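Each chain is listed here by its residues.
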Amino acid sequence: MSHHVYPDTTSPDGNWRDHAACAREEDREIFFPKGNSGPCLIIIAEAKAVCRRCPVAEYCLRSALETDEAFGIWGGLTEQERRKLKRRSRRNTALLDEDDEVAV
Ligand code: SF4
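Residues numbered from 1 in each chain as written. Predicted model: local features only at pLDDT ≥ 70, side-chain atom pairs only at ≥ 80, totals over all residues. Heavy atoms only, no water.

Enquirer: What exactly am I supposed to notice about the overall build of the protein here?
Expert: Of regular secondary structure, the protein possesses three helices and zero strands. The order of helices and strands in the protein, counted from the N terminus, is α-α-α. By residue count, 34% of the 104 residues in the protein fall in the buried class. As presented, the protein carries roughly 6900 Å² of accessible surface, and 54% of it is formed by carbon and sulfur atoms. (Helix = DSSP H or I, 4+ residues; strand = E, 2+ residues; numbered from the N terminus. Buried < 20%, exposed > 50% of the residue type's maximum accessible area, 1.4 Å probe, protein only. Areas by Shrake-Rupley, 256 points an atom, 1.4 Å probe, with all protein chains shown as cover.)

Given below as structure tokens:
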């Protein structure tokens, strides 16, 4: 399975995928575990270890968030972790908006 398949608009040179650490991995399936418990936790940890040493993890994560990537580990985060991050971000934005309304 190929990992990043859509046009990139997030990195300065537009080709962050060329620098992806996962591109050099023999087994890219580890980035698409079939669950999030039991033996899959070991697979997820393996994938995250690759992401931790990836020089373009920030671009990868941003891209996955922008495109609502539904499956797999991107930028070192699972789909559940990305959803959580988005929820937290929306909550913080809502709180900031409320602060603005109070300040006016
Ligand atoms: S952060 Fe992980 S999934 Fe994203 S490009 Fe790097 S190694 Fe691949």
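Enquirer: Just to check I follow, could you spell out helix 1 (residues 40-52) for this structure?
Expert: Along an α-helix, a turn takes 3.6 residues, which lines up residues three or four apart on a common side. Relative to the 18 Å expected for 13 residues at 1.5 Å per residue, helix 1 spans 18 Å between its end C-alpha atoms, a close match to the ideal helical length. Those residues of helix 1 not exposed but buried are Cys40, Ile44, Ala47, Lys48, Val50 and Cys51. Buried residues of helix 1, seen end-on, are gathered within an arc of 155 degrees and therefore sit on one face of the element. Looking at helix 1, the residues exposed on the side facing more than 90 degrees away from the buried face are Ile42 and Arg52. (Expected span 1.5 Å × (residues − 1). Arc of directions from axis to C-beta.)

Enquirer: Help me out: how do you make sense of a negative patch on the surface in this one?
Expert: Residues Asp97, Glu98, Asp99, Asp100 and Glu101 make up a contiguous surface patch of negative charge. When you line up the elements, Asp99 lands in helix 3 (residues 79-103). (Patch = residues over 30% accessible without salt bridge, like charges linked within 9 Å, V, L, I, M, F, W, Y side chains within 5 Å. Salt bridge = Lys/Arg side-chain N within 4 Å of Asp/Glu carboxyl O. Lys, Arg positive; Asp, Glu negative; His and termini not counted. Charge placed at Lys NZ, Arg CZ, Asp CG, Glu CD.)

Enquirer: Looking at this structure, how should I read the nonpolar core?
Expert: Side chains of a nonpolar character, in soluble globular proteins, are inclined to be buried together. Phe31 and Ile73 are the most contacted members of the largest nonpolar core, which totals 18 residues. Among the elements that make up this core, the one with the highest residue count is helix 1 (four residues). (Core = buried A, V, L, I, M, F, W, Y, C linked by side-chain atoms within 4.5 Å.)

Enquirer: What is the right way to read the pattern of salt bridges from this model?
Expert: Pairing is possible between side chains of opposite charge, provided their charged atoms come close. Per the stated rule, a full pass over the model turns up five salt bridges. Residue Lys34 pairs with Glu29 through a salt bridge whose shortest N-O separation is 3.8 Å. Residue Lys34 is classed as exposed on the basis of its relative accessible area, which comes to 72%. On the accessibility criterion, Glu29 (34% relative accessible area) is partly exposed. Ionic pairing is found between Lys48 and Glu81, a salt bridge with its closest N-O pair at 2.7 Å. Note that Lys48 is positioned in helix 1 and Glu81 in helix 3, a separation of 33 residues in sequence. A relative accessible area of 28% places Glu81 in the partly exposed class.

Enquirer: Sorry, what's going on with the side chain of Glu79 here?
Expert: Inspection of the secondary structure assignment puts Glu79 in helix 3. The side chain of Glu79 sits in the buried core without any salt bridge; Arg82 is the nearest counter-charge, 4.7 Å away.

Enquirer: How should helix 2 (residues 57-66) be read in this particular structure?
Expert: Burial in helix 2 covers these residues: Ala57, Cys60, Leu61, Ser63 and Ala64. Buried residues of helix 2 fall within an arc of 165 degrees about the axis and therefore sit on the same side. Residues of helix 2 that are exposed and angled more than 90 degrees away from the buried face: Glu58 and Glu66.

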